[in-house]
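In case you want the letters, here they are:
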Amino acid sequence: MQNLNYIKGFHAIRAISVILVVLTHMDISDAMLTQTDFMERRVFPMFSGEFGVRMFFCLSGFLITRILLNEWKIRGRIGLRNFFVRRAIRLVPPLIIF
């Protein structure tokens, strides 16, 4: 049985965004993509860590909106307390470890 909430390729897009951020922190992408003016102005912004962060936040916003809309569709309301508790359960353990 197929999970209807699963978005094929979503993890790949998220992985690409994380890789872009990691490469920027390692200064690998900067050295490789800024050799010419065209590369620096047109190509580098698409492969920079800033773009990776924006992509990751965009995906997160999409997922959060989708979760809230599904809850609205199923229950007819959005329980913000339950939503924030679920977010805390997901985010607090990595924050404590960090």
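That block above? That's the structure.
Below or above, wherever it landed, is the structure these notes cover. Every value quoted in this text rests on a predicted model; they were computed, and no experiment measured them.

1. Remarks on the overall build of the protein
Reasoning step 1: Across its full length, the protein holds 5 helices and 0 strands.
Reasoning step 2: Secondary structure elements of the protein, listed N to C terminal, follow the sequence α-α-α-α-α.
Reasoning step 3: Counting every position in the protein, which comprises 98 residues, the buried fraction comes to 16%.
Reasoning step 4: Sequence separation of 24 or more characterises 56% of the internal contacts of the protein that already satisfy a separation of 6 or more.
Reasoning step 5: Accessible area for the protein stands at about 8300 Å²; split by element, carbon and sulfur atoms hold 69% of it.

2. Overview of the side chain of glutamate 71
Reasoning step 1: Along the polypeptide, glutamate 71 turns up in helix H4 (residues 49–75).
Reasoning step 2: Judged by its relative accessible area of 7%, glutamate 71 is buried.
Reasoning step 3: Of note is the side chain of glutamate 71, whose polar atom sits 3.0 Å from the backbone nitrogen of glycine 79.
Reasoning step 4: Once residues lying within four places of it in the same chain are set aside, the contact partners of glutamate 71 are Gly76, Arg77, Ile78, Gly79 and Arg86.

3. Description of H4
Reasoning step 1: A rise of 1.5 Å per residue sets the reference length of H4, with its 27 residues, at 39 Å; its end C-alpha atoms lie 39 Å apart and thus fit the reference within 8%.
Reasoning step 2: On its buried face, H4 sits against helix H1 (10–25) and helix H5 (80–97).
Reasoning step 3: Where H4 ends, the next residue or the one after it, glycine 76, has phi of about 80°, a positive value.

4. Notes on the packing of H4 against H5
Reasoning step 1: At a minimum axis distance of 12 Å, the contact between H4 and H5 shows a crossing angle of 140°. With respect to H5, the element H4 is oriented oblique. Considering how the two elements wind past one another, H4 and H5 form a crossing that is right-handed. Here Ile64, Ile67, Leu68, Glu71 and Arg75 of H4 lie close against H5, whose contacting residues are Asn82, Phe83, Arg86 and Arg87.
Reasoning step 2: Of the residues assigned to the contact of H4 with H5, the class counts are 4 nonpolar, 1 polar and 4 charged.

5. Topic: the side chain of serine 17
Reasoning step 1: With respect to the element layout, serine 17 can be found in helix H1.
Reasoning step 2: For serine 17, the side chain forms a polar contact with the main-chain oxygen of arginine 14, separated by 2.7 Å.
Reasoning step 3: Once residues within four sequence positions are removed from consideration, serine 17 is found in contact with Gly52, Met55 and Phe56.

6. Here we look at the packing of H1 against H4
Reasoning step 1: Between H1 and H4, the shortest axis-to-axis distance is 7 Å and the interhelical angle comes to 150°. Comparing the axis directions of H1 and H4 gives the class roughly antiparallel. The interaxial crossing formed by H1 with H4 has left-handed handedness. Note on element contacts: H4 touches H1 through Gly49, Phe51, Gly52, Val53, Met55, Phe56, Leu59, Phe62 and Leu63, opposite Phe10, Ile13, Arg14, Ile16, Ser17, Val18, Leu20, Val21 and Thr24.

Definitions and cut-offs
- Residues numbered from 1 in each chain as written.
- Predicted model: local features only at pLDDT ≥ 70, side-chain atom pairs only at ≥ 80, totals over all residues.
- Heavy atoms only, no water.
- Helix = DSSP H or I, 4+ residues; strand = E, 2+ residues; numbered from the N terminus.
- Buried < 20%, exposed > 50% of the residue type's maximum accessible area, 1.4 Å probe, protein only.
- Contact = heavy atoms within 4.5 Å.
- Areas by Shrake-Rupley, 256 points an atom, 1.4 Å probe, with all protein chains shown as cover.
- Polar contact = N/O pair within 3.5 Å; in protein donor to acceptor, adjacent residues only side chain to side chain.
- Expected span 1.5 Å × (residues − 1).
- Axes fitted to C-alpha atoms, helices over the stretch in contact; angles between N-to-C directions.
- Parallel < 35°, antiparallel > 145°, perpendicular 65-115°, else oblique.
- Left-handed = near helix turned anticlockwise from the far one by under 90°.
- Nonpolar A, V, L, I, M, F, W, Y, C, P; charged D, E, K, R; others polar.

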